[in-house]
Amino acid sequence: MVGGATLGAALLFVGAATADDALKLTELSPNGADACFGRVYDAAHLKAHPHQKVARIFFYYGHDPVSRPNEEPSTMSGAAYNGFLTTTVRGANEPDWAAGWCNKEDPGDGSSGIRCGMECDRTLASLKVDDKGRLILSNLQPDVYLDAGAEEDLGEAEYNKQALGSEDDNFRLDPMPADTCKAEFARIDPIDPALGAPLRERLKPDQAFCYGRDYDDAHLKSHPDQMTQSIRVFRGPIELASFATGGDTANWPDGADIAISVTTRQKSAKVTQTYSCQGEADQWRCSASSKMSDFACDISQKEIFLKRGAGGTMMLANPNNALAIVDLCSKAAGGKTKSDDKFYRLNPMPQSACTP
């Protein structure tokens, strides 16, 4: 077990412009290369503009500078945004970012302005380049980083806290080297080289695997609330045959079945449960399946998450009692998992260690 870890769900956006169409706005990129514009405001400027929250702002027009090695199927990589905005507000340690696809407001008018749209028919920003090559970024909405309808959901006070300020618009950004923007976007989610390749690259559709951990008496004595004594995560002949019959290797790992066996302190017998997984951002989201037995409840909402760990390990998150350490249809399974059965760091094991 490891404490203090978080395997949160994250979402990657899919844009409307293909990569081949990305760099056709010659005002932003006269030579077709990725283009970067940015500005860092000094203390004097921020003091003179108390309602401006943004201290650093960069706009990148080009190929995705944000994506990291992820678990989503490779077939999703054919669509991409071409406009990327990142800002850091006063006092923040990390930037926020949003992406959109940028096009002429009137495709038939070469002199028309540029609008960068987002999902749900929202606007990321309006753009134009002045006679000195600076990017004028306007029409930036205060809720650009919030969900649609956030003002109603959050309430006025919290919305004003999370939204941009009343002076966060009409930015004049200087042209900068593309690497400057790439470095700024890298601050959002720095790559940890120790994590290595995504699970979907390590673990092939036709490949069996076994990860697990056995906890000794000393560990269990120091974690008296931990129920898990032994745990295995694996794909064996049954799971491989299931994917070979109905799976789509182009969309791997979506539709991949895995099995998880757990032995608890209270029960000496091993309990095995099947899960069906899909790639989501940097993790596999796996829902409990009724393939192995009938259940008195709908267990499709019982989920666990798999994520690559350092040094070839696998991280497993069990936030809401989705492991069979309790009856998945019991009232106990409806709440949050106790902390000592919430996160696991699992080591690769020989397939024989995962024999049902």
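Keep in mind that what you see is a predicted model, and the values were worked out from it rather than measured.

Rules used in this analysis
Residues numbered from 1 in each chain as written. Predicted model: local features only at pLDDT ≥ 70, side-chain atom pairs only at ≥ 80, totals over all residues. Heavy atoms only, no water. Helix = DSSP H or I, 4+ residues; strand = E, 2+ residues; numbered from the N terminus. Buried < 20%, exposed > 50% of the residue type's maximum accessible area, 1.4 Å probe, protein only. Contact = heavy atoms within 4.5 Å. Areas by Shrake-Rupley, 256 points an atom, 1.4 Å probe, with all protein chains shown as cover. Core = buried A, V, L, I, M, F, W, Y, C linked by side-chain atoms within 4.5 Å. pLDDT = per-residue confidence, 0-100. Salt bridge = Lys/Arg side-chain N within 4 Å of Asp/Glu carboxyl O.

Caption draft 1: Region of interest: the overall build of the chain. Check the secondary structure of the chain and you find seven helices and 16 strands. Relative to its 356 residues, the chain shows a buried fraction of 44%. Restricting the contact set of the chain to residue pairs at least 6 apart, pairs at least 24 apart contribute 61%. For the chain, the computed accessible surface area is about 17,900 Å², with 50% contributed by carbon and sulfur atoms.

Caption draft 2: Spatial organisation of the nonpolar core. Counting 30 residues, the largest nonpolar core has I258, I260 and L306 as its most contacted members. Breaking this core down by element, the ones donating at least two residues are strand 9 (209-214), strand 10 (228-235), strand 11 (256-264), strand 12 (271-280), strand 13 (283-288), strand 14 (303-308), strand 15 (314-317) and strand 16 (343-348). Sort the elements by how many residues they give to this core and strand 11 lands first, with four residues. Not counting residues up to four positions away in its chain, the partners in contact with I260 are I231, R232, V233, V271, T272, Q273, Y275, I304, L316 and L323.

Caption draft 3: Fine view of the confidence of the model for the chain. On average, residues of the chain score 86 in pLDDT, and 90% of them reach the 70 mark or higher. When the elements of the chain are averaged for pLDDT, helix 2 (residues 150-154) gives the smallest value, 81, and strand 1 (residues 35-40) the largest, 98. In this model, residues 1-22 is a region of pLDDT below 50 whose contacts with residues beyond four sequence positions or in other chains number 54 contacts.

Caption draft 4: Quick look at the pattern of salt bridges. Counted according to the given criterion, the structure contains eleven salt bridges. The partner of K104 in a salt bridge is E27, and the shortest N-O contact between them spans 2.1 Å. Taken together, the residues span a long stretch of sequence, with K104 in strand 4 (residues 96-104) and E27 in the segment before strand 1 at a distance of 77 residues. Relative accessible area serves as the criterion here: at 18%, K104 is assigned to the buried category. One salt bridge in this structure joins E303 and R285, with 2.9 Å as the shortest N-O distance. Of the two residues, E303 is situated in strand 14 and R285 in strand 13; the sequence distance between them amounts to 18 residues. Look at E303 and you get buried, because its relative accessible area is 17%. Judged by its relative accessible area of 22%, R285 is partly exposed. Taken together, the shared-partner salt bridges connect R56, E184 and R187 into one network.

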